[in-house]
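# Residue-level structural notes
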Amino acid sequence: MRIQTFSVIAGSAACNARCPFCVSRMTPPQGMSLKLPEPHWRNFAKACALAQQAGVTTVLITGKGEPTLFPDQVTAYLAALAPYRFPFVELQSNGIAIADGRIDDATLADWYKLGLTTVIISITGIDPQINRDVYLPHREAYIDLVALIARLHRAGFSVRLGCVALAQGVSTPERLQDLLAFARANQVEQLTVRPVTTPDPGTVQDLSVFEWTRDHAVPEHAWKALVTWVEANGNRLLQLAHGAVVFDVGGQNLCLSNCLTIRPDEEELRQLIFFPDGHLRYDWQYAGAILL
Ligand code: SF4
């Protein structure tokens, strides 16, 4: 059995953003609540051993909420991962607590020393008004994205912008070019763009997520036009097993997911997911996809 990514759920279900497309509300809670759980360290060690034996190169520290609300736990996970020497250790975040200064420089330095390589910031594009409306409707303004990227670079991290494409956002080649120009100007190492996912209404915890994503989804013809533009203007570098393709577009790394429908090799698990209660799963959606 080969495994691509080892995802580690840090923090609780709490989040400082209010995304109407929140992935956490799309997938079952799987034992997560607003209370910070104490990770099941014995099973975490087993998960690390399995990931290492299965050839995992990338660990993704992510959450059912926002992991950086609990920086000490992120530090604890990084410390527990360090002996396994996984080449890439990534942290997925909305970036708000880092931009607000709730995560101080000493903590970023600790994370760097413990092996964190990449910080992935979720955005909907570079329009501060759309980002504010989606992530921070309860605040007057969105965070200073340029300053956040610069701070992460100063701390030694690679930055990946993970853009969720919406109909009013990155849904045309022109808007994608604006995003690419922004990424280039700010030396963003990696950029990922994927269209917002409309879940099956029967599987969501909260029907408003289904309704919002349905109403804001990038129309299929628009997404195809965007992919066609990238195919014509970029150089295809790499095809990932889950249907994502990595391009170089004018010197900027760009990964488009939902590019093609590629069936993953059934011998390969796309990911291994560690839940703090000690459960080890391989699918976010189906409770039956469990190893421990
Ligand atoms: S940042 Fe992530 S966890 Fe927080 S509300 Fe948005 S999608 Fe949900």
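Further remarks concern helix 3 (residues 71–81). Looking only at helix 3, the buried set comprises Gln73, Val74, Tyr77, Leu78 and Leu81. Along the axis of helix 3, the buried positions cluster into a sector of 140°, meaning they face one direction only.

So, about the site of the ligand. Taken together, the neighbourhood of the ligand is formed by Cys15, Ala17, Cys19, Cys22, Val23, Gly65 and Asn94. Along the lines of polarity and charge, the residues of the shell around the ligand split into five nonpolar, two polar and no charged.

This next bit is on the side chain of Arg132. Position of Arg132 among the secondary structure elements: in helix 6 (residues 128–135). Looking at Arg132, its side chain comes within polar contact range of the side chain of Asp133, at 2.8 Å. Ignoring anything within four residues of it in the chain, the contact list for Arg132 reads Pro137, Arg139, Glu140, Ala141 and Tyr142.

With that out of the way, let us pick up the confidence of the model for the protein chain. One rule of thumb: low pLDDT means the predicted coordinates there are not for detailed reading. Averaged over all residues, the pLDDT of the protein chain is 91; the fraction at 70 or higher stands at 95%. Counting contacts from residues 259–263, a segment whose pLDDT is below 50, to residues more than four positions away or on other chains yields 11 contacts.

All chains considered together, the criterion is met by 12 aromatic pairs. Between Phe21 and Trp212, the aromatic rings sit 6.0 Å apart at their centres with planes inclined by 50°, giving tilted as the arrangement. Of this pair, Phe21 sits in the loop between strand 1 (2–9) and helix 1 (23–26) while Trp212 sits in helix 9 (residues 207–216), and the two are 191 residues apart along the sequence. For the pair Phe21 and Trp212, one class covers both residues: buried. Ring geometry for Tyr135 and Tyr142: centres 6.2 Å apart, planes at 35°, overall tilted. The same class applies to Tyr135 and to Tyr142, which are both buried.

Our next topic: the pattern of salt bridges. Pairs may arise between side chains of opposite charge once their charged atoms sit close together. Under the definition given, this model contains eight salt bridges. In this structure, the salt-bridge partner of Arg160 is Glu90, at a minimum N-O distance of 2.7 Å. Taken as a pair, Arg160 in strand 5 (residues 158–165) and Glu90 in strand 3 (residues 88–93) lie far apart in primary sequence, 70 residues in all. The burial state of Arg160 is the same as that of Glu90; both residues are buried.

Relative placement of two packed helices is described by the angle separating their axes and the distance separating the axes. At their nearest, the axes of helix 2 (residues 41–53) and helix 3 sit 11 Å apart, and the two run at 50° to each other. The angle between the axes of helix 2 and helix 3 places the two elements in the oblique class. Like other packed secondary-structure pairs, helix 2 and helix 3 cross with a definite hand, here right-handed. Contacts between helix 2 and helix 3 involve Trp41, Phe44 and Cys48 from the former and Ala76, Tyr77, Ala80 and Leu81 from the latter. The class makeup of the residues in the contact of helix 2 with helix 3 is seven nonpolar, no polar and no charged.

Okay, the nonpolar core next. Formed by 76 residues in total, the largest nonpolar core has its most connected members in Phe6, Leu161, Leu176 and Val193. If sequence neighbours within four positions are ignored, Leu161 has contacts with Ile121, Ile123, Leu145, Ile149, Phe182, Val188, Gln190, Leu191 and Thr192.

Reading the values: rules and limits
Residues numbered from 1 in each chain as written. Predicted model: local features only at pLDDT ≥ 70, side-chain atom pairs only at ≥ 80, totals over all residues. Heavy atoms only, no water. Buried < 20%, exposed > 50% of the residue type's maximum accessible area, 1.4 Å probe, protein only. Helix = DSSP H or I, 4+ residues; strand = E, 2+ residues; numbered from the N terminus. Arc of directions from axis to C-beta. Near = heavy atom within 4 Å. Nonpolar A, V, L, I, M, F, W, Y, C, P; charged D, E, K, R; others polar. Polar contact = N/O pair within 3.5 Å; in protein donor to acceptor, adjacent residues only side chain to side chain. Contact = heavy atoms within 4.5 Å. pLDDT = per-residue confidence, 0-100. Phe/Tyr/Trp six-rings, centres within 6.5 Å; stacked < 30°, edge-to-face > 60°. Salt bridge = Lys/Arg side-chain N within 4 Å of Asp/Glu carboxyl O. Axes fitted to C-alpha atoms, helices over the stretch in contact; angles between N-to-C directions. Parallel < 35°, antiparallel > 145°, perpendicular 65-115°, else oblique. Left-handed = near helix turned anticlockwise from the far one by under 90°. Core = buried A, V, L, I, M, F, W, Y, C linked by side-chain atoms within 4.5 Å.

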